[in-house]
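Tertiary structure, described
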Amino acid sequence: MAAVFTPTKAARRGMGTLSQRRMVAGFLFVLPAVLFTVAMFIFPLLMTGWMSLHNWPLLGQATFLGIQNYVAMVQDSQFWASLWFTTQYTLLVTPPIFILAFLLALLVNSALRGIGIFRTIYFIPVVIGLGTSSLLWVWLLNDRVGILNGILLDLGWIQQPVIWLVDKNLAMTAIVVSIVWKTVGFSMILLLAGMQAVPDELYQAAEVDGASYWQRLWYILLPLLRSTFALALVLSVIGSYLAFDQFYIMTRGGPQNQTITAVYWIFNNSFTYYKLGYGAALSIGLLVILGLLSVLQLRVLRDDTTY
Amino acid sequence: MYVVGIVLAVLFLFPIFWSTLTSLKSPAEASAVPPTYLPSVLTFENYVKLNQYGAGIARYIFNSAGVALITVLGTVVLSTLAGYGFSRFRFPASNLLFLMLLAALMIPFQSILTPLFLLMSAVKLQNSLIGLALVYITFQLPFGVFMMRNTFDVVPREIEEAALLDGCSTWQMLTRVMLVLVRPGIITVAVYAFLNSWNEFLAALILMTQEVNFTLPILLTSVRSGYYGAIDWGALQAGITVTILPCIVLFLFLQRYYMQGLMGGAVKG
């Protein structure tokens, strides 16, 4: 009996100090990550807000401006042009990504043998860098050495090489194609995860009731995928709104600043003109817009389904 | 259906395959107008030419690998400690701190690059591999902590209770018992940290202004923009191959862990 009681007694006696010690231990475990985040994320975030209220050159003294940077932002026609361009880009790139991602997800969700290999292949462009893939496409699209023009010429679809990246509309088309190639696998996997979460019984029941494949797709699968679509859409739209690499590398913002995205404009102000305060104000502006966009999208696609 | 699948697979692989193939052509053939489809000879001359840029390709591979390694180590250590803390211990403000760590998921890092640049300059970590890695760790931490907390959450408590009865200390519990059990989570976090660090462009462009400290994507952009004279397309394809090959190999080997990270985020997020 004594042998059984002793550990319990000891544990009971030590309970208060033990739980306190565990409290301290837990706090110590998370402390490094917390300190790191405070120093490298919270502090810079607050500093962005503080800098946005100043004229802040790279060298020399910052001077307080109040809300003047924000007034300048509202009057900055390039800022609005960049936002509008970024919006156009987002509107153009999102539908092909989602239509293709959905079709690819349907394909790789089938029970065919070896379908996993296709899933892997479609996903490969996702794991290479956007900067690197943009460079790759610069070469593919080149009017002299690019293979794309070579193929189109050999097929007889074009009579002379197309100079893709110097015309705004052609450049937009080319960049959209390159980004769909690069990112569609990501949305495909998210949609696939959503599809696999739909219980088989629902399909079987519908099949018994005589619903065709397309009817099952339209009336059962799509409604049930709402929340997955919402997540994938938010991630994709935010990604498009933050576009920089592809335009910096593929068009360098040209011709005549016509392909300057919002982040590109922030980059130019902060790191080309060294108007750091103004760049900070633009950053805050972009943050607010992104926040509103996410809320809007989640509201539109809010999901109340349970199964 | 197989036909559709195969046609699509060819389209998806085509750009990468073509780039790699071109990197193995002779330099003259790689820049030929119009381009040739298949190389007439296979040679590594473009790689030799790539090595003549700046400080040599070895230096840039070292830079990219160094930053990626520090990022992986830092992210894994901080995320594992924090994930363990958040999963197994109750302490004041734990939920608040957890939310604070996750907040960085919702704030794009592009919006705080300017102060980060000033911060790094102030502590003399601009143009430093460590400085760039610190920035990358910051933006890997939210995912890392989230992933590790979830991984620790599914380890049965009975295992710990048994170890506690054996007289295991809290620290020993983590290092001797838990680490083995949460290894899949650690690999997932490490894979993401590596790929995101290796591939990142904007922060590296801003922080690494001295040529000798460039990471691979920044070096390639310089090669492409004619910074070193006329664009050498063969060398560029060699550079692209060197940059994307490690990513693809890593992904093919650790695909399961990569997908787990994506699914975990999709289901829980």
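Up top is the structure.
What comes next concerns the included structure. (Residues numbered from 1 in each chain as written. Chains lettered and ligands numbered in written order. Predicted model: local features only at pLDDT ≥ 70, side-chain atom pairs only at ≥ 80, totals over all residues. Heavy atoms only, no water.)

**Overview of the interface of chain B and chain A**
By a widely used convention, the size of an interface equals the accessible area lost when the partners come together. Counting residues at the interface gives 87 residues for chain B, matched by 78 residues for chain A. If you sort the residues of chain B by the area they bury against chain A, Y2, F12 and R224 of chain B come out on top, with a joint share of 9%. Our count for the contact surface shared by chain B and chain A stands at zero salt bridges. Inspection of the region where chain B meets chain A yields 10 residue pairs in polar contact (both at pLDDT 80 or more). (Contact = heavy atoms within 4.5 Å. Buried area = accessible area lost by both parts, 1.4 Å probe. Salt bridge = Lys/Arg side-chain N within 4 Å of Asp/Glu carboxyl O. Polar contact = N/O pair within 3.5 Å; in protein donor to acceptor, adjacent residues only side chain to side chain.)

**Considering the pattern of salt bridges**
One pass over the structure, following the stated rule, counts four salt bridges over all chains. For E207 of chain A, the salt bridge identified is with R216 of chain A, shortest N-O distance 3.8 Å. Judged by relative accessible area, E207 of chain A falls into the partly exposed class, the value being 46%. Note that K49 of chain B is salt-bridged to D232 of chain B, the shortest N-O span being 2.9 Å. With K49 of chain B in helix α3 (residues 45–50) and D232 of chain B in the loop between α12 (216–224) and α13 (233–268), the pair connects residues that are 183 residues apart, well separated along the chain. Under the relative-accessibility criterion, K49 of chain B is labelled partly exposed at 31%. (Buried < 20%, exposed > 50% of the residue type's maximum accessible area, 1.4 Å probe, protein only. Helix = DSSP H or I, 4+ residues; strand = E, 2+ residues; numbered from the N terminus.)

**A few points about the nonpolar core**
One finds Y89, F102, Y122, F123 and L221 of chain A together with F86 and Y258 of chain B to be the most contacted residues of the largest nonpolar core, which totals 190 residues. Considering each element in turn, this core owes the most residues, 15 residues, to helix α7 (residues 168–197) of chain A. Once residues lying within four places of it in the same chain are set aside, the contact partners of F102 of chain A are L191, M195, L217, L221, L222, L225 and F229 of chain A. (Core = buried A, V, L, I, M, F, W, Y, C linked by side-chain atoms within 4.5 Å.)

**Overview of the packing of helix α4 (residues 115–127) of chain A against α7 of chain A**
Residue and element names in this part refer to chain A. It is the contact of α4 with α7, at a shortest axis distance of 6 Å, that shows an interaxial angle of 125°. Comparing their axes, α7 and α4 come out oblique. In this structure, the crossing between α4 and α7 has a hand that is left-handed. Residues R119, Y122, F123, P125 and V126 of α4 pack against W181, K182, T183, G185, F186, M188, I189 and L192 of α7. Taken together, the residues of the contact of α4 with α7 sort by class into nine nonpolar, two polar and two charged. (Axes fitted to C-alpha atoms, helices over the stretch in contact; angles between N-to-C directions. Parallel < 35°, antiparallel > 145°, perpendicular 65-115°, else oblique. Left-handed = near helix turned anticlockwise from the far one by under 90°. Nonpolar A, V, L, I, M, F, W, Y, C, P; charged D, E, K, R; others polar.)

**Examining the side chain of S270 of chain A**
Within the secondary structure, S270 of chain A is located in helix α12 (residues 262–272). Engagement of the side chain of S270 of chain A in a polar contact is seen with the side chain of T114 of chain B, the distance being 3.4 Å. Those residues in contact with S270 of chain A, other than ones at most four positions away along the chain, are K275, L276 and G279 of chain A together with T114 of chain B.

**Some details on the packing of helix α3 (residues 77–108) of chain A against helix α10 (residues 226–241) of chain A**
How two helices sit against one another is set out by the angle between their axes and by the gap between those axes. All names here are of chain A. Look at α3 against α10: their axes get within 9 Å of each other, and the N-to-C directions meet at 140°. Viewed along their axes, α3 and α10 adopt a mutual orientation that is oblique. The handedness of the crossing between α3 and α10 is right-handed. Residues L83, T86, T87, Y89, T90, V93, T94, I97, F98 and F102 of α3 touch α10, and the partners they reach there are F229, A232, L233, S236, V237, S240 and Y241.

**Notes on a nonpolar patch on the surface**
Residues and elements named next belong to chain B. Taken together, I159, L179, V180 and L181 make up a surface patch of nonpolar side chains, about 300 Å² in accessible area. Considering each element in turn, the nonpolar patch owes the most residues, three residues, to helix α9 (residues 170–181). With respect to the helices and strands, the residue L181 is situated in helix α9. (Patch = residues over 30% accessible without salt bridge, like charges linked within 9 Å, V, L, I, M, F, W, Y side chains within 5 Å. Areas by Shrake-Rupley, 256 points an atom, 1.4 Å probe, with all protein chains shown as cover.)

In short, shape yes, function no, at least from these values alone.
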